[in-house]
Amino acid sequence: AGPASREAAPEWRDATPAWGVVLTPRDQQRVLDRLRSGLARRFGTEAEEHFMAPPVIARDTVERAGYPTSFPHLLGTVHAAVAAGEPAATDLVLTPAACHHVYPMLAGRSVRATHTVGVEATCFRAEATDEPGRQRSFRMYEIVFLGSASEALSWRDRMLAKAAEWLRD
């Protein structure tokens, strides 16, 4: 028997038993890679540093950012049987947003000059809907701008104009 026909191929977005958690076929991954590459070319030069973040983060970090207070229904916790004990919540949670990984590097520091940091992470949010645009596990690419309020607004406006131009192209 030869390879399965394209018509017989499964629908990959439905390939996992968990909605909002998808397998990405190679062809779609290539599109995502190109999109990511385009974002990096167009906007990544704005970041003076760039990090790839893990899928977990210290619970204390997201608590200090106020995430559990604002979005308690979206936070995913990590449980483990530490030292062969009973499974319990650990000091880690699933990364809800890539930028949260940057916050500990900045804690207690004064911003004396503008600075940008790029960060990518596999994120998780306990979305209560299976709407296609609201995935529970997804990748996020962010650029964090550090500066005064007026500098941040000016940077944001430049990036919005750049994004509009990129989308028109």
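For clarity, every value in this text was computed on a predicted model and none was experimentally measured. Counting of residues starts from 1 at the beginning of each chain's written sequence and follows it residue by residue. Given that the model is predicted, a residue must reach a pLDDT of at least 70 before its local features are reported, and side-chain atom pairs must reach 80 or more before they are shown or counted; all residues, however, enter totals for whole chains, interfaces and linings. Hydrogen atoms and water are omitted, and side-chain values are computed over all heavy atoms in the structure.

A.B. asks: Explain the nonpolar core to me, please; I cannot follow it from the model alone.
C.D. replies: In globular proteins that are soluble, nonpolar side chains generally tend to be buried together. Grouped together as the largest cluster of nonpolar side chains are 13 residues, with contacts concentrated most on Ala98, Val102, Val119, Ala121, Cys123, Met140 and Val144. Segments assigned H or I by DSSP are reported as helices when at least four residues long, segments assigned E as strands when at least two residues long, and all are numbered from the N terminus. Mapped by element, the contributors of at least two residues to this core are β5 (115–124) and β6 (137–146). Contacts are residue-level and defined by heavy atoms, with any inter-residue pair within 4.5 Å sufficient. Excluding residues within four positions of it along the chain, Ala121 makes contact with Ala53, Pro54, Thr95, Ala98, Phe138, Arg139 and Met140. Definition used in this section: a nonpolar core is a set of buried Ala, Val, Leu, Ile, Met, Phe, Trp, Tyr and Cys residues joined via side-chain atoms within 4.5 Å. Per-residue accessibility, obtained with a 1.4 Å probe over protein chains only, is compared with the maximum for each type, and a residue is labelled buried under 20%, exposed over 50%, and partly exposed between these values.

A.B. asks: Teacher, can you tell me more about the pattern of salt bridges here?
C.D. replies: Pairing between side chains becomes possible if they bear opposite charge and their charged atoms approach one another. Each salt bridge in this description consists of a side-chain nitrogen of Lys or Arg and a carboxyl oxygen of Asp or Glu lying within 4 Å of one another. By the definition in use, this model includes four salt bridges. Of the charged contacts in the structure, one is a salt bridge between Arg134 and Glu127, with a shortest N-O distance of 2.9 Å. Accessibility expressed as a relative area gives 35% for Arg134, which makes it partly exposed. When its relative accessible area of 10% is taken as the criterion, Glu127 is described as buried.

A.B. asks: Please explain the sheet that holds strand β2 (residues 56–58) as it appears in this structure.
C.D. replies: Two modes of strand pairing occur in sheets, parallel and antiparallel, and in both the strands are linked by backbone hydrogen bonds. The rule for pairing is simple: two strands pair if DSSP sees at least two bridges between them. The sheet built from three strands is open, its strands ordered β2-β4-β3 with antiparallel pairing. In this open sheet, the two edge strands, each paired with only one partner strand, are β2 and β3 (77–80). The mean angle between the axes of side-by-side strands here comes to 55°, regardless of whether they run parallel or antiparallel. Bridge count for β3 against strand β4 (residues 88–94) is three bridges, and the pairing is antiparallel. Across the sheet, the residue bridging to His79 is Ala89, located in β4. A fitted line through C-alpha atoms represents every axis, and for helices the fit uses only the stretch in contact; the resulting angles, taken between N-to-C directions, go from 0 to 180 degrees.

A.B. asks: Mind showing me how you'd approach the pairing of β5 here?
C.D. replies: Each regular strand displays side chains that alternate between the two surfaces of the sheet. Burial analysis of β5 places seven of its 10 residues in the buried class, which makes it a mostly covered element. Bridge count between β5 and β6: 10 bridges; the pairing is antiparallel. Residue pairing across strands places Thr116 opposite Phe145, the latter belonging to β6.

A.B. asks: So what exactly am I meant to see when it comes to the sheet that holds strand β1 (residues 49–52) here?
C.D. replies: Across the sheet, three strands lie side by side as β1-β5-β6; this open sheet has mixed pairing. Sheet topology places β1 and β6 at the edges, where each strand pairs with a single neighbour. Going across the sheet, the axis of each strand differs from the next one's by a mean of 15°, ignoring polarity. Two strands pair when backbone bridges link them, and β1 and β5 are joined in this way by four bridges, in the parallel orientation. Pairing of Glu49 across the sheet is with Val117, part of β5. The strands touched by helix α1 (residues 26–43) within the sheet are β1, β5 and β6, with β6 carrying the most contacts at an inclination of about 0°.

A.B. asks: Help me understand α1 in this model?
C.D. replies: The periodicity of an α-helix, 3.6 residues per turn, causes residues three or four places apart in sequence to face the same way. Between its first and last C-alpha atoms α1 spans 25 Å; for 18 residues at 1.5 Å apiece the expected length is 26 Å, and the two agree. All of the buried residues in α1 are Gly38, Ala40 and Phe43. Looking at the buried positions of α1, the neighbouring elements they touch are β6 and α5 (149–168). In a helix, the anticipated span is given by 1.5 Å times the number of residues less one.

A.B. asks: What's the story with the side chain of His101 in this structure? I'm lost.
C.D. replies: Turning to its location among the elements, His101 is positioned in the loop between β4 and α4 (103–106). Taking relative accessible area as the criterion, His101 reaches 17% and is therefore assigned buried. The residues contacting His101, other than those within four sequence positions of it, are Ala53, Pro54, Val56, Ile57 and Thr95.

A.B. asks: Please explain the packing of α1 against α5 as it appears in this structure.
C.D. replies: Relative placement of two packed helices is described by the angle separating their axes and the distance separating the axes. Remark: α1 packs on α5, axes separated minimally by 11 Å, with the N-to-C direction vectors making an angle of 135°. When the interaxial angle is binned, α1 and α5 end up oblique. Helix-helix and strand crossings are classified by hand; for α1 and α5 the assignment is right-handed. Counted together, Leu35, Gly38, Leu39, Arg42 and Phe43 of α1 and Met159, Lys162, Ala163, Glu165 and Trp166 of α5 form the full contact between these two elements. As a working rule, the residues Ala, Val, Leu, Ile, Met, Phe, Trp, Tyr, Cys and Pro are called nonpolar, Asp, Glu, Lys and Arg charged, and the rest polar, with Gly in that last group. A per-class count over the contact of α1 with α5 returns six nonpolar, one polar and three charged. Angles are sorted into four bins: roughly parallel if under 35 degrees, roughly antiparallel if over 145, roughly perpendicular if 65 to 115, and oblique for all others. Note: crossing handedness is left-handed where the near helix turns anticlockwise from the far helix by less than a right angle, and right-handed where it turns clockwise.

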